[in-house]
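If you want the building blocks of each chain, they are given just below.
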Amino acid sequence: MVTPDAVVALAKELTETSVVGVELELPESAEELGALRKGEPRKVICAALVKRHTSTKNEWLANRLRMGHPAAMSQLVNRMLKDPKSLKILKKYEKYLNSRTGHPSNCPRSPRS
């Protein structure tokens, strides 16, 4: 079972250091994030990653990334997930994230009996 602390830690890592800081090149501070557009594609990618891999509430995520109203952030993420080109980019970052976290999708599957 995933603990709330693990969810917060992953969300914090995504929004402050590994993927965002290095790969997405988003600023770490709330003030700098707030200076970017609410629908900044890098913010949407980050939000999509967090939403797909955690049970973080939209309200917390929208506030953390300074993306405005939670419903608007959710709409941006859903539009991205429906766009094949954007989905390809998202999968690239998911692959990177999985390689860093040891996500179960990287584990070989056991052979069927």
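Residues numbered from 1 in each chain as written. Predicted model: local features only at pLDDT ≥ 70, side-chain atom pairs only at ≥ 80, totals over all residues. Heavy atoms only, no water.

Trainee: Explain the overall build of the protein chain here, please?
Mentor: Counting secondary structure elements, the protein chain contains seven helices and zero strands. Burial analysis of the protein chain (113 residues in total) assigns 35% to the buried set. In the protein chain, of all internal contacts separated by at least 6 residues, the share reaching a separation of at least 24 is 56%. Just so you have it, the protein chain exposes about 7,300 Å², and 54% of that area is on carbon and sulfur atoms. (Helix = DSSP H or I, 4+ residues; strand = E, 2+ residues; numbered from the N terminus. Buried < 20%, exposed > 50% of the residue type's maximum accessible area, 1.4 Å probe, protein only. Contact = heavy atoms within 4.5 Å. Areas by Shrake-Rupley, 256 points an atom, 1.4 Å probe, with all protein chains shown as cover.)

Trainee: Would you explain the packing of aromatic side chains in this entry?
Mentor: Describing an aromatic ring pair means giving the distance of the ring centres and the angle of the ring planes. In total, this model carries zero aromatic pairs according to the counting rule given. We note K92 situated over the ring of Y93; from NZ or CZ to the ring centre the distance is 5.0 Å. (Phe/Tyr/Trp six-rings, centres within 6.5 Å; stacked < 30°, edge-to-face > 60°. Lys NZ or Arg CZ within 6 Å of the ring centre and 35° of its normal.)

Trainee: Explain the nonpolar core here, please?
Mentor: As a rule of thumb, nonpolar side chains are buried together in soluble globular proteins. Counting 19 residues, the largest nonpolar core has I45, A47 and L65 as the members making the most contacts within it. The set of elements that each furnish at least two residues to this core consists of α4 (41–53), α5 (58–65), α6 (70–82) and α7 (84–101). A per-element tally of this core places α4 first, with seven residues. Those residues within four positions of A47 in sequence are excluded, and the remaining contacts are L61, L65, M67, M73 and V77. (Core = buried A, V, L, I, M, F, W, Y, C linked by side-chain atoms within 4.5 Å.)

Trainee: How should I be thinking about the pattern of salt bridges in this particular structure?
Mentor: Two side chains with opposite charge may pair up if their charged atoms get near one another. One pass over the full model with this rule turns up two salt bridges. The partner of R42 in a salt bridge is E40, with the nearest N and O atoms 2.9 Å apart. Take R42: its relative accessible area is 24%, and that puts it in the partly exposed class. (Salt bridge = Lys/Arg side-chain N within 4 Å of Asp/Glu carboxyl O.)

Trainee: Just to check I follow, could you spell out α5 for this structure?
Mentor: Taken together, the buried positions of α5 are occupied by L61, A62, R64 and L65. Buried residues of α5, seen end-on, are gathered within an arc of 165° and therefore sit on one face of the element. Following α5 by one or two positions, R66 has its phi on the positive side, about 55°. (Arc of directions from axis to C-beta.)

Trainee: How should the environment of W60 be read in this particular structure?
Mentor: Position of W60 among the secondary structure elements: in helix α5. Spatially, the C-alpha atom of W60 lies 8.1 Å from that of P70, the residues being ten residues apart in sequence.

Trainee: Any chance you could explain the packing of α4 against α6 here in plain terms?
Mentor: Packed helices, taken two at a time, are described by the angle their axes make and the gap between the axes. Where α4 meets α6, the closest approach of the two axes is 9 Å, and the angle between their N-to-C directions is 90°. Viewed along their axes, α4 and α6 adopt a mutual orientation that is roughly perpendicular. On α6, the residues touching V44, I45, A47, A48, K51 and R52 of α4 are M73, S74, L76, V77, M80 and L81. Across the contact of α4 with α6, the residue classes tally to nine nonpolar, one polar and two charged. (Axes fitted to C-alpha atoms, helices over the stretch in contact; angles between N-to-C directions. Parallel < 35°, antiparallel > 145°, perpendicular 65-115°, else oblique. Nonpolar A, V, L, I, M, F, W, Y, C, P; charged D, E, K, R; others polar.)

Trainee: Can you help me understand the confidence of the model for the protein chain in this one?
Mentor: Detail in the predicted coordinates should be disregarded across regions flagged by low pLDDT. Residues with a pLDDT of 70 or more make up 67% of the protein chain, whose mean pLDDT is 76. Between the elements of the protein chain, mean pLDDT differs from a low of 55, seen in helix α2 (residues 18–24), to a high of 95, seen in α6. In this model residues 104–113 is a low-confidence stretch, pLDDT under 50, and it forms three contacts with partners more than four residues away in sequence or in other chains. (pLDDT = per-residue confidence, 0-100.)

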